[in-house]
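Spelled out, the chains give:
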Amino acid sequence: QVQLVESGGGLVQPGGSLRLSCAPSGSAVSMYEMGWYRQALGKQRELVASITRSGSTNYADSVKGRFTISRNNAKNTAYLQMDMLRPDDTAVYYCNARGAPMNYWGQGTQVTVSS
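An account of the accompanying structure is given in this report. (Residues numbered from 1 in each chain as written. Predicted model: local features only at pLDDT ≥ 70, side-chain atom pairs only at ≥ 80, totals over all residues. Heavy atoms only, no water.)

### Here's the deal with the state of the cysteines
Definition in use: Disulfide: a pair of cysteine sulfur atoms within 2.5 Å of each other. In DSSP terms, a helix is any run of H or I states spanning at least four residues, a strand is any run of E spanning at least two, and both are numbered starting from the N terminus. Partly exposed residues are those whose accessible area sits between 20% and 50% of the maximum for their type, while under 20% is buried and over 50% is exposed, using a 1.4 Å probe and protein chains only.
As enumerated under the stated definition, the model contains one disulfide in all. Covalently, Cys 22 is tied to Cys 95 through a disulfide, its sulfur atoms 2.0 Å apart. Across the S-S bond of Cys 22 and Cys 95 the torsion is about -85 degrees, and the bridge reads as left-handed. Of this pair, Cys 22 sits in strand S3 (residues 18–25) while Cys 95 sits in strand S9 (residues 91–99), and the two are 73 residues apart along the sequence. Per residue, the accessibility class of Cys 22 equals that of Cys 95, and both read buried.

The following block contains the structure:
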């Protein structure tokens, strides 16, 4: 069973930056399409960004131009660089690894954007 270990969340002021990391244990990040999802209070989980094995990326409209998803196969880690953070970015962020029929989720990391 693959476990996705997330880190990098925290409290940041509006306009600030954070970088989330996702490191799978028991498997290689290069084997999966990696994604970041988030779930705000009272809302459903939504896709933030994804990256395929070949490097193609996809972003939610709300984060385009501010967030960047990437992977480093040598470090076996996926990242979400978040810049120009806004209060409505506040949510629990979840890492996802998808490789049909497998679909794995991280435990979630809290991101709070507040002054």
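What follows continues from the structure just given.
### Describing the sheet that holds S3
Worth spelling out the cut-off: Any two strands are treated as partners once DSSP identifies two or more bridges connecting them. Note on method: axes are straight lines fitted to C-alpha atoms, helices fitted across the in-contact stretch only, with angles between N-to-C directions ranging 0 to 180 degrees.
Here we have four strands laid out as an open sheet, ordered S1-S3-S8-S7, and antiparallel in their pairing. Because the sheet does not close on itself, it has two edges, and the strands there are strand S1 (3–7) and strand S7 (67–72). Here the strands of the sheet are splayed against their neighbours by 20 degrees on average, with no regard to which way each runs.

### Description of the side chain of Thr 109
The cut-off we apply is this: Within 3.5 Å is the distance limit for a polar contact, defined as a pair of N or O atoms, with the added protein rule that one can donate a hydrogen and the other accept it, and that residues adjacent in sequence qualify only through two side-chain atoms. Any two residues having at least one pair of non-hydrogen atoms within 4.5 Å are treated as being in contact.
Tracing the sequence through the fold places Thr 109 in strand S11 (residues 109–113). For Thr 109, a relative accessible area of 12% corresponds to the buried category. Here the side chain of Thr 109 touches Gly 9 through a polar contact of 3.3 Å, landing on its backbone nitrogen. Here Thr 109 is in contact with Glu 6, Gly 9, Leu 20, Ala 91, Val 92 and Tyr 93, once residues within four sequence places are set aside.

### Things to note about the packing of aromatic side chains
Inclusion rule: Only centres within 6.5 Å qualify two rings of Phe, Tyr or Trp (six-membered ring in Trp) as a pair; their planes then separate them into stacked at under 30 degrees, edge-to-face at over 60, and tilted for everything else. In our convention, an over-ring charge means Lys NZ or Arg CZ found within 6 Å of a ring centre and within 35 degrees of that ring's normal.
Summed over the entire model, instances satisfying the criterion amount to two aromatic pairs. With a centroid separation of 6.0 Å and an interplanar angle of 90 degrees, the aromatic rings of Tyr 32 and Tyr 104 are classed as edge-to-face. Linking Tyr 32 in the loop between S3 and strand S4 (33–39) with Tyr 104 in strand S10 (residues 102–105), this pair joins segments that are 72 residues apart in sequence. Both residues of the pair, Tyr 32 and Tyr 104, count as buried. The side chain of Arg 45 reaches across the aromatic face of Tyr 94, ending 3.8 Å from its centre. Geometry around Trp 105 places Arg 45 over its ring, the cationic atom sitting 4.7 Å from the centre.

### Some details on the side chain of Thr 77
Its location among the elements puts Thr 77 in strand S8 (residues 77–82). A polar contact of 2.9 Å, which involves the side chain of Thr 77, links it to the backbone oxygen of Lys 75. If we ignore the near neighbours within four places in the chain, the residues touching Thr 77 are Ser 21, Cys 22, Ala 23, Val 29, Arg 71 and Asn 72.

### Regarding the environment of Asn 58
As for its placement among the helices and strands, Asn 58 is situated in strand S6 (residues 57–59). Assessed through its relative accessible area of 40%, Asn 58 is described here as partly exposed. On a C-alpha basis, the gap between Asn 58 and Thr 68 in space is 9.5 Å, while along the polypeptide they are ten residues apart. With near-sequence residues (within four places) excluded, Asn 58 lies in contact with Leu 47, Val 48, Ala 49 and Ser 50.

Treat this as a map of the structure, not an account of what it does.
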